[in-house]
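Topology and contacts: notes
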Amino acid sequence: MTKKKFGDYCWYRPFLSAIFFLLFLTTPVCAEALGASENQADITVGCLYPMSGRAGILGRDSVVGIRLALEYLEQQAPEDSPRLRILLGDTKSKVSTASILARRFIEDEGASFLCGVVNSSVAIEVTSIAEETGTFFIGTDHASSRLTGEFIHDRYFRVTNDTQQSMTAGALFIKEYFSNHLSKKPLRISYLGPDYEYGYQVWADFREALERFNVDYEITGILWPRLNEPDYSHYINELIKEKPDLVVNSLWGGDFVAFVTQATNTALFQSSRFANFEKGGDYEIFAQLGNKMPLGLLLASRHHNNWPETEFNHWFVEEFRRKTGYYPSSGAQGAFTGIVAIAEAVKKAGVNYKDPTVIQQAFETLILATPEDPAGFKSYMDPGSHQIRQVMAIGETVSDDRYPPATVILGNWHIYYPAELEPDFTEPD
């Protein structure tokens, strides 16, 4: 039987079953290919990102990040870098769509690596497919810590921060930032997060970290709006009624933009301090809100255009802007790091790059320079959890017009190294 290629699915065949046909109608069926041709490639990578909907900006920016990664690899060591063929698929943030794409990449295109995925619920399904098929899955933007805990397997590695790391940094930040308040009485906290896997895990990791750092707190309320909620007025009013000292929010992307837009017309930001230690500090949020972004919010992200002030980060940000005409979201840097990490692991494996055990060992000992690393530090993989260790940066929204159309970005930084967040963990030499 002739093996079908991914491009063969770009038209509808009359013998498709009714069920498969219905699935097929909602699934992106043509993939853009980047990098080496099929005949020249050493490795095929299937990348899964949302290209449409509220999360679409992260997917589209990720594609630019992948292009920059290929450019960077060519500039650094073209004779040593493996030839990567990269296929792109739009998950539409749906589990079913991502599952179909992942299997097509593996079964029809011979992909030995999957890469990407923004939604944690989608990532849990994709990682099960990777485990089942023996395919490596390099996570670049989803964050649930269950991926490197409950669902960990030999072929999964994550190269961006997870919820446990960000919320541990958030808890340590709270202990320091609110130290005067905490010396007198407990900090009253309300939590609002999306009603799915990611939001639940943020809340669980946050409470665990507060307990670990002996932060004295009380819970005044917990709210769970659904993903892509159009109207947050009920939740905002509840938060105002609860009168917490601090609102901790874990919405992201377009959902966070919608929430902040609706909350600016209320008393919420005046009555309580407001924090988002996961993705509230993403640049695309500042760009969309412009001068409507409130000052004094306590936010973080997985990449910042204005921190660290290193040559590498400056190159990444400016090269992205030169290619697109705008500044990158955090998803771009995550995708960039994912592709560079795959190339580095394959290069470390040498002539044995097709041996999964050798590739696994290469990832478990990975030390990698990334745009988000401050001077003197390199990101490194924890061989036990398969979770990368990086420096966490939390800032406060301040006026700054250097990155238009944003007029507000983060400043007043609080920086946390892995050893501060996990004192028992030993950094590699």
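Residues numbered from 1 in each chain as written. Predicted model: local features only at pLDDT ≥ 70, side-chain atom pairs only at ≥ 80, totals over all residues. Heavy atoms only, no water.

Counting its regular elements, the protein contains 15 helices and 16 strands. Computed over the C-alpha atoms, the radius of gyration of the protein is 21 Å, within 12% of the 22 Å expected from 2.2 N^0.38 for a compact globule of 429 residues. With the C-alpha coordinates of the protein rotated into their principal frame, the extents come out at 70 × 55 × 40 Å. Going through the 429 residues of the protein one by one, you find that 59% of them count as buried. At a minimum sequence separation of 6, the contacts of the protein that also span at least 24 residues come to 69%. Approximately 17100 Å² of the protein is accessible, and the part contributed by carbon and sulfur atoms is 50%. (Helix = DSSP H or I, 4+ residues; strand = E, 2+ residues; numbered from the N terminus. Rg over C-alpha atoms; globule rule 2.2 N^0.38 Å. Buried < 20%, exposed > 50% of the residue type's maximum accessible area, 1.4 Å probe, protein only. Contact = heavy atoms within 4.5 Å. Areas by Shrake-Rupley, 256 points an atom, 1.4 Å probe, with all protein chains shown as cover.)

If you walk through the whole model with that rule in mind, you get 32 aromatic pairs. For the ring pair Tyr-196 and Tyr-198, a centre distance of 6.2 Å and an interplane angle of 40° mean the geometry is tilted. Per residue, the accessibility class of Tyr-196 equals that of Tyr-198, and both read buried. Look at Phe-206 and Phe-277: their rings are 6.5 Å apart centre to centre, the planes differ by 45°, and that puts the pair in the tilted class. Of this pair, Phe-206 sits in helix α7 (residues 197–212) while Phe-277 sits in the loop between β10 (273–276) and α11 (283–289); the two residues are 71 residues apart in sequence, bridging distant segments of the chain. (Phe/Tyr/Trp six-rings, centres within 6.5 Å; stacked < 30°, edge-to-face > 60°.)

With that settled, consider the packing of helix α8 (residues 233–242) against helix α9 (residues 253–263). One can describe the packing of α8 onto α9 by two numbers: an axis separation of 10 Å at closest approach and a directional angle of 60°. Of the possible angle classes, the one that applies to α8 and α9 is oblique. Of the two elements, α8 crosses α9, and the hand of that crossing is right-handed. Contacts between α8 and α9 pair Ser-233, Ile-236 and Leu-239 from the former with Phe-259, Gln-262 and Ala-263 from the latter. Looking at side-chain class alone, the contact of α8 with α9 contains four nonpolar, two polar and no charged residues. (Axes fitted to C-alpha atoms, helices over the stretch in contact; angles between N-to-C directions. Parallel < 35°, antiparallel > 145°, perpendicular 65-115°, else oblique. Left-handed = near helix turned anticlockwise from the far one by under 90°. Nonpolar A, V, L, I, M, F, W, Y, C, P; charged D, E, K, R; others polar.)

A separate point is the sheet that holds strand β11 (residues 298–300). Spatially, β8-β7-β9-β10-β11-β15-β16 is the arrangement adopted by the seven strands of the open sheet, whose pairing is mixed. Where the open sheet ends on each side, the last strands, each with one partner, are β8 (217–223) and β16 (408–416). This sheet shows a mean twist of 25° between the axes of neighbouring strands, independent of strand direction. Sheet topology note: the strand β7 (residues 187–192)/strand β9 (residues 246–249) ladder contains four bridges and is parallel. Residue pairing across strands places Ser-190 opposite Val-247, the latter belonging to β9. In the packing of α8 onto the sheet, contacts are made with β7, β8 and β9, and the angle to β8 comes to roughly 160°. Along the sheet, α9 contacts β7, β9, β10 and β11; its crossing angle with β10, the most-contacted strand, is approximately 170°. (Pairing = 2+ DSSP bridges.)

Pairing in this open sheet of six strands is mixed, and the strands run β1-β3-β2-β4-β5-β6 from one edge to the other. Single-partner strands in this sheet number two, and they are β1 (32–35) and β6 (156–158). On average, each strand axis in the sheet is tilted by 25° relative to the strand beside it, whichever way the strands run. Both strand β5 (residues 136–139) and β6 contribute to a ladder of three bridges, which runs parallel. Looking at β6, one finds that Ile-138 is bridged to Phe-157. Contacts between helix α3 (residues 95–109) and the sheet are confined to β2 (43–49), β3 (84–90) and β4 (113–116), with β3 contributing the most and set at about 155° to the helix.

Okay, empty space enclosed by the protein next. One pass over the full model with this rule turns up five cavities of 30 Å³ or more. Of the volumes computed, that of the largest cavity is approximately 90 Å³. Contributing to the lining of the largest cavity are Gly-281, Asp-282, Tyr-283, Phe-286, His-303, His-304, Asn-305, Asn-306, Pro-328, Tyr-403, Ile-409 and Leu-410. Going through the elements one at a time, α11 and β16 are the ones with two or more residues in the lining of the largest cavity. Tallied by class, the residues present in the lining of the largest cavity amount to six nonpolar, five polar and one charged. (1 Å grid on protein atoms, 1.4 Å probe; cavity = no way out; pocket = protein on both sides within 12 Å on 5 of 7 lines; lining within 4 Å. Points joined across faces, edges and corners; volume = space filled by probe spheres on them.)

As a further point, take α7. For α7, built from 16 residues, the straight-helix expectation of 22 Å at 1.5 Å per residue is met to within 8% by its first-to-last C-alpha distance of 23 Å. Where α7 is concerned, the buried positions are Glu-197, Tyr-198, Gly-199, Gln-201, Val-202, Trp-203, Asp-205, Phe-206, Ala-209 and Leu-210. Elements that come into contact with the buried residues of α7 comprise α4 (120–133), α5 (163–177), β7, β8 and β9. Where α7 terminates, the next one or two residues include Asn-214, which has phi positive at roughly 55°. (Expected span 1.5 Å × (residues − 1).)

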